[in-house]
Amino acid sequence: MQRNDEETIKAYKIRLCKNKELYELTWPNIVDLLADEGETIAERSLRGWWTAYLEGITDSELSNSDDNYLKECELKKQEWQKEKMKVQTEKLDLNRRLRETARVELYFEKIEEAIAELKPIPVPHYENIPHTSKEGLCIIADAHYGSQFQIRGLRGEIMNEYSPEIFEQRMWELCGKMKTIVEKEGIEKLIVLDLADALEGLLHVNQLLTLRYGLVDSTLKYSEFIATWLNELSKCCLVEYRNTNGNHTETRPFNSKRGEFPDENVERIIAHIIGLRLEKNKRVTVHDTDMTAMYFQCNGLNIVGCHGQNEKNIDNTVSDYINFYHIDPDIVFEGHLHRQNSKTVSSKQENDVRVIQCPSIIGINPYSATIKKGAKAGAIAVTFSDGMRQMHEIQLN
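It should be emphasised that the depicted structure is a prediction, and the values quoted were computed from it without experimental measurement.

### Considering the overall build of the protein
Regarding its fold elements, the protein presents eight helices and 13 strands. Split into buried and exposed, the 397 residues of the protein put 44% on the buried side. Put simply, of all contacts in the protein between residues at least 6 apart along the chain, 67% involve residues at least 24 apart. Accessible surface, the protein as shown: approximately 22500 Å² in total, 51% of it carbon and sulfur.

Below, the structure written as structure tokens:
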């Protein structure tokens, strides 16, 4: 009970009061012990001091407890706000996707309403189809419908001229040649691949100089023509139409960059219109597109069709599709470059694996003239006979 050497008088007083029962002390005993250390204090004052001291500790503990409670509440509030923001973010993303889906559905609904008012495309008088189970391919690309221009050479000669009327002339010429191939090869079903950039679109301001029609008119006119063209082909064989998304047919809303809104692509609307216009022709099957590539079988071969704007290296194209999509292509058809090229990139036990870059319907255009690269307008047909495949290069100007 004696004061320690390093103990202050206050600390000594606190120890005595705190351990009063332990030390078996009375308040008068504590007053005497403090007096021995030079601290004079009355018993009543000591009691009052100790009461005030204890209240101060309690208030401090309560204060600390309140602080801890407030901190805990603040942390819970932050967690709640975080969860709320997560939900809001998810809702924003969901609403954005719903808006995109609703926008496309609205387009389709309006298109269906407009088409319902059009004169139906008459179902043609069918010719007999040979039951050979043979399939053939007709590949078109880069029509850039809606543009018109004239490209002249250094001697003043016309290197290429294009307009909606010339597009139609080339396509009817192609139709005639495809009919000849179908009849000669005994093809029962012809698969038409449209490798995108069907329209010129509006990617750059300078395109206004070569556009006859805007995006909406170009969409309607191109779709109507292709529907009529496929209808004519169906006279001699079954026809299957497939298309894919391109870069010129991206709408790019809100000044977005390429690929930011992949679903906002007019090629989807084109396929939808063609399907509606030919729904009564049971010889024509139209596949709606919502992908940047198509994958299907033809005569037992696995075919990939894409526009090609994302294929930077022809040697890696097949391996990229194998590694990413886990598919096993035999032929990859691409457009985009407006010129024909074919390369064997690997081999299988049964056949070589090839990448075929297709010519364009448009041919040399103002852009290709500026970079001094281009090729004649054309298309490709592929037929199969006795396990062999033959590629027909069709020049259209």
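So, next bit.
### With respect to a negative patch on the surface
Taken together, E105, E109, E112, E113, E117 and E279 make up a surface patch of like negative charges. Assignment of secondary structure puts E112 in helix α3 (residues 43-116). On the basis of relative accessible area, E112 is assigned to the partly exposed category, the value being 36%.

### Brief notes about the packing of aromatic side chains
One pass over the structure, following the stated rule, counts 11 aromatic pairs. For the pair W49 and Y53, a centre-to-centre distance of 5.6 Å together with 15° between the ring planes defines the contact as stacked. Here W49 and its partner Y53 are both found in helix α3, four residues apart, which amounts to about one turn of the helix. Measuring from centroid to centroid gives 5.6 Å for F167 and Y222, while their planes differ by 35°, and the two rings are tilted. Remark: Y222 occurs in helix α5 (residues 215-233) and F167 occurs in helix α4 (residues 164-185); sequence separation between them is 55 residues. Given the relative accessible area of 1%, F167 is considered buried. In textbook terms, an aromatic cluster arises when at least three aromatic residues are bridged by ring pairs, as seen for Y145, F167, W172, Y222 and F225. Lying over the aromatic face of W49, K13 brings its terminal NZ or CZ to 4.3 Å of the ring centre.

### Topic: the sheet that holds strand β9 (residues 331-334)
Strands in a sheet are paired, the pairing made by backbone hydrogen bonds, and the direction either parallel or antiparallel. Strand order in this open sheet of five strands is β7-β8-β9-β11-β10, and the pairing throughout is mixed. Both outer strands of the open sheet, β7 (293-298) and β10 (341-347), are each paired with one neighbouring strand and no more. Neighbour to neighbour, the strand axes of the sheet diverge by 20° on average, direction disregarded. For β10 and strand β11 (residues 352-357), the ladder comprises six bridges, and the chain directions are antiparallel. Note that in β11 the partner of S342 across the bridge is I356.

### A word on the sheet that holds strand β5 (residues 238-243)
One open sheet holds the six strands; their spatial order is β6-β5-β4-β1-β12-β13, and the pairing between them is mixed. Because the sheet does not close on itself, it has two edges, and the strands there are β6 (284-286) and β13 (388-395). Averaged over all neighbouring strand pairs, the angle between strand axes comes to 20°, with direction disregarded. The sheet contact formed by strand β12 (residues 378-385) and β13 spans eight bridges and is antiparallel. Residue pairing for β13: I380 is matched across the bridge by E393. Its contacts with the sheet put helix α6 (residues 266-277) on β5 and β6, and the angle it makes with β5 is roughly 160°.

### Re the environment of P130
Mapped onto the secondary structure, P130 falls in the loop between α3 and β1 (135-140). Assessed through its relative accessible area of 30%, P130 is described here as partly exposed. In contact with P130, other than residues within four places in its own chain, are G186, I187 and E188.

### Remarks on the side chain of D197
Structurally, D197 is set in the loop between β4 (189-194) and α5. At 3.1 Å, the side chain of D197 forms a polar contact with the backbone nitrogen of N247.

### Side note on the nonpolar core
Ranked by internal contacts, the top residues of the largest apolar core, which has 46 residues, are F167, L174, Y222 and W229. Sorting the residues of this core by element identifies β1, β2 (149-152), α4, β4, α5, β5, α6 and β12 as the ones contributing at least two each. Listed in part, the 18 residues of the second largest apolar core include L137, I139, A141 and C298.

### Section: a nonpolar patch on the surface
A surface patch of nonpolar side chains, amounting to about 340 Å² of accessible area, comprises M291, F324 and Y325. On the basis of relative accessibility, which here comes to 43%, the residue M291 falls in the partly exposed class.

### Digging into the pattern of salt bridges
Summed over all chains, the structure comprises 17 salt bridges. R47 is the partner of E43 in a salt bridge, and the nearest nitrogen-oxygen pair spans 3.3 Å. Residue E43 and its partner R47 are both found in helix α3; the two are separated by four residues, about one turn of the helix. The partly exposed category is assigned to R47, whose relative accessible area is 39%. For E240, the salt bridge goes to R242, with nearest N and O atoms at 2.8 Å. E240 gets classed as buried once you look at its relative accessible area, which sits at 9%. Bridged by salt links that share partners, the residues E135, K189, E240 and R242 form one connected network.

### Observations concerning the packing of helix α1 (residues 9-18) against helix α2 (residues 27-36)
Where α1 contacts α2, the two axes come as close as 11 Å, and the packing angle between them is 160°. Comparing their axes, α2 and α1 come out roughly antiparallel. Here α1 runs over α2; the crossing is right-handed. Residues I9, Y12, K13, L16 and C17 of α1 form the contact with α2, whose participating residues are W27, I30, L33 and L34. Looking at the contact of α1 with α2 residue by residue, the class counts come to eight nonpolar, no polar and one charged.

Cut-offs used in this document
- Residues numbered from 1 in each chain as written.
- Predicted model: local features only at pLDDT ≥ 70, side-chain atom pairs only at ≥ 80, totals over all residues.
- Heavy atoms only, no water.
- Helix = DSSP H or I, 4+ residues; strand = E, 2+ residues; numbered from the N terminus.
- Buried < 20%, exposed > 50% of the residue type's maximum accessible area, 1.4 Å probe, protein only.
- Contact = heavy atoms within 4.5 Å.
- Areas by Shrake-Rupley, 256 points an atom, 1.4 Å probe, with all protein chains shown as cover.
- Patch = residues over 30% accessible without salt bridge, like charges linked within 9 Å, V, L, I, M, F, W, Y side chains within 5 Å.
- Salt bridge = Lys/Arg side-chain N within 4 Å of Asp/Glu carboxyl O.
- Lys, Arg positive; Asp, Glu negative; His and termini not counted.
- Charge placed at Lys NZ, Arg CZ, Asp CG, Glu CD.
- Phe/Tyr/Trp six-rings, centres within 6.5 Å; stacked < 30°, edge-to-face > 60°.
- Lys NZ or Arg CZ within 6 Å of the ring centre and 35° of its normal.
- Pairing = 2+ DSSP bridges.
- Axes fitted to C-alpha atoms, helices over the stretch in contact; angles between N-to-C directions.
- Polar contact = N/O pair within 3.5 Å; in protein donor to acceptor, adjacent residues only side chain to side chain.
- Core = buried A, V, L, I, M, F, W, Y, C linked by side-chain atoms within 4.5 Å.
- Parallel < 35°, antiparallel > 145°, perpendicular 65-115°, else oblique.
- Left-handed = near helix turned anticlockwise from the far one by under 90°.
- Nonpolar A, V, L, I, M, F, W, Y, C, P; charged D, E, K, R; others polar.

Geometric values such as these leave the question of function open.
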